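# Understanding the architecture of this molecule
Here is how the chains run, residue by residue.
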Amino acid sequence: MGSSSSKMPTMEERWPAYEAKMKAEGLNEAAIAAFKYNLGVLLSGASTMIPESDIGPVDSLPELDGLDITPDPSLLKDTVILKLNGGLGTGMGLDRAKSLLTVADGNTFLDLIAQQVDCMKKEYKTPDLRFMLMNSFSTSKDTLDALAKYPELGTGSDLEFVQNKAPKVSAQDCTPATHEADKGHEWCPPGHGDLYPAMLGSGTLEKLLEKGVKYMFVSNSDNLGATMDLKLLTYFAQSKAPFMMEVATRTDADKKGGHLAKDAKTSGLLLRESAQCPEEDEKAFQDVTKYKYFNTNNLWVDLVALKGIFEKNGGSIPLPVMKNSKTVDPRDKKSQAVLQLETAMGAAISCFEGATAIVIPRERFAPVKTTNDLLALRSDAYTLTKDFRITLAPERKGVPPNIKLDGRYKFVDAMEKIMPEGAPSLLECSSLTIEGEVVLAKGVIFKGHVVVRNGSDEPKTLTAGTYGSLNTKKMTFDL
């Protein structure tokens with residue numbers, strides 16, 4: 001907005017243009033209602049921040065490992081497993097769904113997920129265990145093509161629905177942003193909080209309820225740890241809670257990410273993301289001894305309760321709104337300044353009365369965000385189980401290797417040049433740093449803390465052999 005004294009435009013002034021634009025684009029009522037709610041929050045001038053004075057820490061929570069509960073496989077017939085699959089792996093140099101990356105033994109994320117579901121169907125004799133994906137316009141076709149070899153997973157609208165898109169907002173006067181050269185730049189993804197309106201608007205929510213599905217387990221497709229856990233499903237069903245978030249204990253490595261907190265007024269649970277933290281509260285936000293838990297984005301939702309929230313709020317769900325400042329053409333920093341209004345699906349924890357959280361072991365949170373993660377996953381530090389789960393090798397005692405690749409290996413195709421004949425052995429490696437252009441021969445074994453350096457401009461090969469030792473501090477190998 002212009003100067004600080006300029007008056008915020010009203011919904012009456014701004015909404016008609018957005019409504020016309022969204023209808024012309026063919027967006028459904030739920031998508032329009034969701035954006036209308038978000039724009040209303042922006043134009044109300046209400047703060048989208050969650051200051052320290054409004055919240056308190058969550059002292060303790062039940063832990064999955066401590067639950068004494070008998071799993072009930074009969075609940076699977078009332079359950080849908082949903083994976084969020086809208087993300088392109090642009091940060092890793094990909095122009096298609098990140099879930100199509102090969103992870104282990106020639107399997108992609110999607111292969112592993114499909115085979116996990118198949119194993120559960122067979123093991124628990126539940127052929128109608130339901131599985132769905134929320135794709136985006138950019139991931140839908142590739143994903144459906146890749147899953148065509150698993151027809152038993154489902155097809156068409158039984159297998160996927162597509163997330164909505166939202167108009168970008170001009171930062172100057174809150175009118176719809178325009179970009180004549182490429183109209184596509186006028187739209188943005190509305191964040192994964194769009195899961196709920198996308199389920200409603202696509203008819204998916206109604207269809208699942210008609211089939212008697214009550215429980216939904218939702219997680220990110222790039223989190224290999226997020227498998228259907230019968231103990232958790234049974235606990236959720238018995239708790240009668242409308243919503244349950246899987247949280248993990250924050251470490252220093254997680255201090256910049258969002259955390260769970262308690263609403264000072266209602267004592268209900270809420271989520272505070274870094275974009276919602278005022279600058280002066282940054283220190284408290286990053287205090288992992290005060291705010292001990294973070295959201296893994298593995299969520300359990302009672303679909304009957306979700307429908308109830310939509311009915312109570314006139315077809316929308318009042319998720320906290322986050323403002324993201326960007327330019328209309330993300331690659332052109334001189335183009336029009338815009339706001340992208342986004343919501344997070346975990347933030348729904350504050351919309352459900354009686355929502356709960358449970359502490360899970362770290363292995364249920366294993367997202368692949370960088371080529372560092374991918375290199376580790378392709379090594380023997382991880383094993384593929386008979387039911388197609390990827391777990392840390394038992395020798396690792398729950399601690400993954402810490403990999404730091406040179407910036408030149410940020411993209412997958414570059415990373416694969418490091419190990420043309422497969423990943424090195426990292427089973428006994430605590431940390432591995434690679435600096436410069438390095439090629440690892442077949443048969444390289446790393447142990448303990450290792451740095452491999454090549455200061456020259458030419459690629460150099462590390463020949464087969466064992467490098468490092470479990471008994472020494474960091475060992476550096478210059479090529």
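The preceding data block contains the structure.
Report on the accompanying structure. (Residues numbered from 1 in each chain as written. Predicted model: local features only at pLDDT ≥ 70, side-chain atom pairs only at ≥ 80, totals over all residues. Heavy atoms only, no water.)

Next up on the list: the overall build of the protein. Each helix and strand in the protein was counted, giving eleven helices and 26 strands. The C-alpha atoms of the protein give a radius of gyration of 24 Å, which matches the 23 Å a tight globule of 479 residues would have. Along the longest, intermediate and shortest principal axes, the C-alpha atoms of the protein span 70 × 55 × 45 Å. Within the protein, the fraction of its 479 residues that count as buried is 51%. (Helix = DSSP H or I, 4+ residues; strand = E, 2+ residues; numbered from the N terminus. Rg over C-alpha atoms; globule rule 2.2 N^0.38 Å. Buried < 20%, exposed > 50% of the residue type's maximum accessible area, 1.4 Å probe, protein only.)

The residue aspartate 72 is located in the loop between strand S1 (55–56) and strand S2 (79–85) in this model. By relative accessible area, which is 29% here, aspartate 72 ends up partly exposed. The sequence separation of aspartate 72 and threonine 234 amounts to 162 residues, and the corresponding C-alpha distance is 5.9 Å. Polar contacts involving the side chain of aspartate 72 include one to the side chain of serine 74, which spans 2.6 Å. (Polar contact = N/O pair within 3.5 Å; in protein donor to acceptor, adjacent residues only side chain to side chain.)

What follows covers the pairing of strand S5 (residues 130–135). In terms of burial, S5 is largely enclosed, as six of its six residues are buried. Of the two faces of S5, the one carrying Arg130, Met132 and Met134 and the one carrying Phe131, Leu133 and Asn135 are both buried. With six bridges joining them, S2 and S5 adopt parallel strand pairing. Within S5, the residue paired with asparagine 85 across the bridge is asparagine 135. Considered for its hand, the β-α-β crossover made up of S5, helix H4 (residues 140–147) and strand S6 (residues 160–162) is right-handed. (Pairing = 2+ DSSP bridges. Right-handed = clockwise from strand over helix to strand, strands pointing away.)

This brings us to the sheet that holds strand S12 (residues 259–263). Here three strands make up an open sheet; going across it, the order is S1-S12-S13 and the pairing antiparallel. The two strands at the open ends of the sheet, each matched to only one other strand, are S1 and strand S13 (269–272). Here S12 runs beside S13; their pairing, made up of four bridges, is antiparallel. Paired with lysine 262 across the bridge in S13 is leucine 269.

Our focus in this paragraph is the side chain of arginine 250. In this fold, arginine 250 is placed in the loop between strand S11 (243–249) and S12. Despite its burial, arginine 250 remains without a salt bridge, the nearest opposite charge being carried by aspartate 254 at 6.5 Å. Excluding anything up to four places from it in sequence, arginine 250 contacts Lys255, Gly257, Gly258, His259, Phe285, Gln286, Asp287, Val288, Tyr291, Lys292, Tyr293 and Phe294. (Lys, Arg positive; Asp, Glu negative; His and termini not counted. Salt bridge = Lys/Arg side-chain N within 4 Å of Asp/Glu carboxyl O. Contact = heavy atoms within 4.5 Å.)

A separate point is helix H2 (residues 29–43). With 15 residues, H2 extends 21 Å from end C-alpha to end C-alpha; this agrees with the ideal 21 Å at 1.5 Å per step. Within H2, burial applies to Ala30, Ala31, Ile32, Ala34, Phe35, Asn38, Leu39, Val41, Leu42 and Leu43. Capping of H2 at its N-terminal end is provided by asparagine 28; its side-chain oxygen lies 3.1 Å from the backbone amide nitrogen of alanine 30. Just past H2, the residue glycine 45 takes up positive phi, approximately 80°. (Expected span 1.5 Å × (residues − 1).)

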